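# Understanding the architecture of this molecule
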Amino acid sequence: MFNKASKPQNRIDSLIGATTRIEGNVIFSGGLRVDGMVRGNVAALPDQPGTLMVSADARIDGEVQAAHIVVSGSINGPVHATETLELQAGSKVKGDVYYKTIEMHQGAVVEGRLVHQP
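The text that follows walks through the structure, step by step, so that each part is easy to find. Computed from a predicted structure; not experimentally measured. (Residues numbered from 1 in each chain as written. Predicted model: local features only at pLDDT ≥ 70, side-chain atom pairs only at ≥ 80, totals over all residues. Heavy atoms only, no water.)

### Section: the sheet that holds strand 14 (residues 109–111)
Spatial ordering of the open sheet is given by 2-5-8-10-12-14, a layout of 6 strands whose pairing is parallel. Edge positions in the sheet fall to strand 2 (21–23) and strand 14, since each of these pairs with one other strand and no more. Pairwise comparison of adjacent strand axes, ignoring direction, gives a mean angle of 5° for this sheet. Looking at chain direction, strand 10 (residues 74–76) and strand 12 (residues 92–94) are connected through 3 bridges and run parallel. Counted as the bridge partner of Ser74 is Lys92 from strand 12. (Pairing = 2+ DSSP bridges. Helix = DSSP H or I, 4+ residues; strand = E, 2+ residues; numbered from the N terminus. Axes fitted to C-alpha atoms, helices over the stretch in contact; angles between N-to-C directions.)

Here it is as structure tokens:
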């Protein structure tokens, strides 16, 4: 009757802690939560529905790709959400945003283009 978008998984398989700084690309499967800083691209394996959560104090400087992405912190680079993108209050994205479904809370900032992907 109604089209339901696939739900992001609630399980977190990997964590980048608040005091951790990674310089280099991160490739993950399942769920990844970033509380620290990543200088490099962050991507889920392309054949699996990965979920990326970027917490309020986290920062990613690089391209981000995953099926489901929830942003509370900041991303400096393009964001590719093949299923759902949630930009929570206080989140900041500097770069173009490519999404299938988007939820943007009041107070979220995007400095770039919003591009819908069918």
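### Quick notes on the nonpolar core
Counting residues in each nonpolar core, the largest one holds 26 residues, and the members touching the most others are Leu52, Ile60, Ile69 and Leu85. Listed by contribution, the elements that provide at least two residues to this core are strand 3 (26–28), strand 4 (31–34), strand 6 (42–44), strand 7 (51–54), strand 9 (64–71), strand 11 (79–87) and strand 13 (97–104). Those residues in contact with Ile60, other than ones at most four positions away along the chain, are Val34, Val38, Gly40, Val42, Leu52, Val54, Ser74, Ile75 and Asn76. (Core = buried A, V, L, I, M, F, W, Y, C linked by side-chain atoms within 4.5 Å. Buried < 20%, exposed > 50% of the residue type's maximum accessible area, 1.4 Å probe, protein only. Contact = heavy atoms within 4.5 Å.)

### Quick look at the pairing of strand 7
A regular strand places its side chains on the two faces of the sheet in alternate fashion. One ladder, built from 4 bridges, connects strand 4 with strand 7; its direction is parallel. Note on strand 7: the bridge partner recorded for Arg33 is Met53. Judged from the 4 bridges that link them, strand 7 and strand 9 form a sheet pairing that is parallel. Following the sheet pairing, Met53 is matched in strand 9 by Val70.

### Description of the environment of Gly73
Here Gly73 shows up in the loop between strand 9 and strand 10. On a C-alpha basis, the gap between Gly73 and Asp35 in space is 8.7 Å, while along the polypeptide they are 38 residues apart. Those residues within four positions of Gly73 in sequence are excluded, and the remaining contacts are Val54, Ser55, Ala56, Ala58, Gly90, Ser91 and Lys92.

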